[in-house]
Amino acid sequence: MIRWTRQGVLAFGRRLPCTIGRGGLSEDKREGDGATPRGLHHVTGCLYRPDRVSAPAPWALPILPGMLWSDASGDARYNQMVLAPYAPSHEVLRRADPLYDIVLLTDWNWPLAETGRGSAIFLHQWRRPGYPTEGCLAFARPDIRWLAERAAPGTPILI
């Protein structure tokens, strides 16, 4: 289990420093509020940048050019991975910065996304210690790798 606490994330016998969303924790997550949703979530997948890092797990999928994540509330593909070209609002997964070099996907508002409830609650690398996210959990580069090597699909995440 991965469990968020004010002192960091407890996972697989270790405590890892972690930042959360700029909107704090929320019982009522909404698209764009910057909050991290409270509750029990699960790891559903892992993505990685093959041009920058090796696969952290045999089941991890490479992030290729043109891979996006839909944050277009109301679109049929809301809160799902999509491919370019994709006109509705989205996030680019193959970023210029290293934040998404390794990403653990969660089942927040997935697979049947409810309009406006928020999308893309990932576990990924932080910009720097203490710098908030848009709602995700973020870690130091070595820690997200360590976590991705151990957190198989179905691993519970308690926030």
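Notes on the structure in this doc start here.

Criteria and cut-off values
- Residues numbered from 1 in each chain as written.
- Predicted model: local features only at pLDDT ≥ 70, side-chain atom pairs only at ≥ 80, totals over all residues.
- Heavy atoms only, no water.
- Helix = DSSP H or I, 4+ residues; strand = E, 2+ residues; numbered from the N terminus.
- Rg over C-alpha atoms; globule rule 2.2 N^0.38 Å.
- Buried < 20%, exposed > 50% of the residue type's maximum accessible area, 1.4 Å probe, protein only.
- Contact = heavy atoms within 4.5 Å.
- Areas by Shrake-Rupley, 256 points an atom, 1.4 Å probe, with all protein chains shown as cover.
- Core = buried A, V, L, I, M, F, W, Y, C linked by side-chain atoms within 4.5 Å.
- Pairing = 2+ DSSP bridges.
- Axes fitted to C-alpha atoms, helices over the stretch in contact; angles between N-to-C directions.

1. A look at the overall build of the chain
Secondary structure assignment for the chain yields one helix and 14 strands. For the chain, whose C-alpha radius of gyration is 14 Å, the value lies close to the compact-globule estimate of 15 Å for 159 residues. Its C-alpha atoms put the chain at 40 × 35 × 30 Å along the principal axes. Residues counted as buried form 48% of the 159 residues belonging to the chain. Here the analysis covers contacts within the chain between residues at least 6 apart in sequence; of these, 61% occur between residues at least 24 apart. Carbon and sulfur atoms make up 54% of the accessible area of the chain, which amounts to about 7500 Å² in all.

2. Some words on the nonpolar core
Residues Ile-2, Leu-104, Leu-123, Leu-137, Phe-139 and Leu-147 are the most contacted members of the largest nonpolar core, which totals 24 residues. If you tally residues by element for this core, the top one is helix H1 (residues 141–150), at four residues. Apart from the residues within four sequence positions on either side, Leu-123 is in contact with Ile-2, Ile-102, Val-103, Leu-104, Thr-106, Leu-137, Phe-139, Ile-144, Leu-147 and Ile-157. One finds Leu-47, Ile-63, Trp-69 and Leu-99 within the second-largest nonpolar core, a separate group that totals 12 residues.

3. Examining the sheet that holds strand E8 (residues 67–70)
Pairing is antiparallel in the open sheet, where three strands are placed in the order E9-E8-E10. Looking along the sheet, the strands with just one partner apiece sit at the ends: strand E9 (81–83) and strand E10 (90–92). Looking at each pair of strands side by side, their axes are set apart by 40 degrees on average, direction ignored. In terms of strand pairing, E8 meets E9 through three bridges, oriented antiparallel. Opposite Trp-69, over in E9, you have Met-81 as the bridge partner.

4. Digging into unusual backbone geometry
Note that the residue after Ala-84, namely Pro-85, is joined by a cis bond; omega there is 0 degrees. The residue Pro-85 is located in the loop between E9 and E10 in this model. Residue Phe-12 is not a glycine yet carries a positive backbone phi of 50 degrees. Tracing the backbone shows Phe-12 in the loop between strand E2 (8–11) and strand E3 (14–16). For Phe-12, a relative accessible area of 36% corresponds to the partly exposed category. One non-glycine residue, Asn-79, lies in the positive phi region at around 60 degrees. If you trace the backbone, Asn-79 turns up in the loop between E8 and E9. Asn-79 sits in the buried class, given a relative accessible area of 1%.

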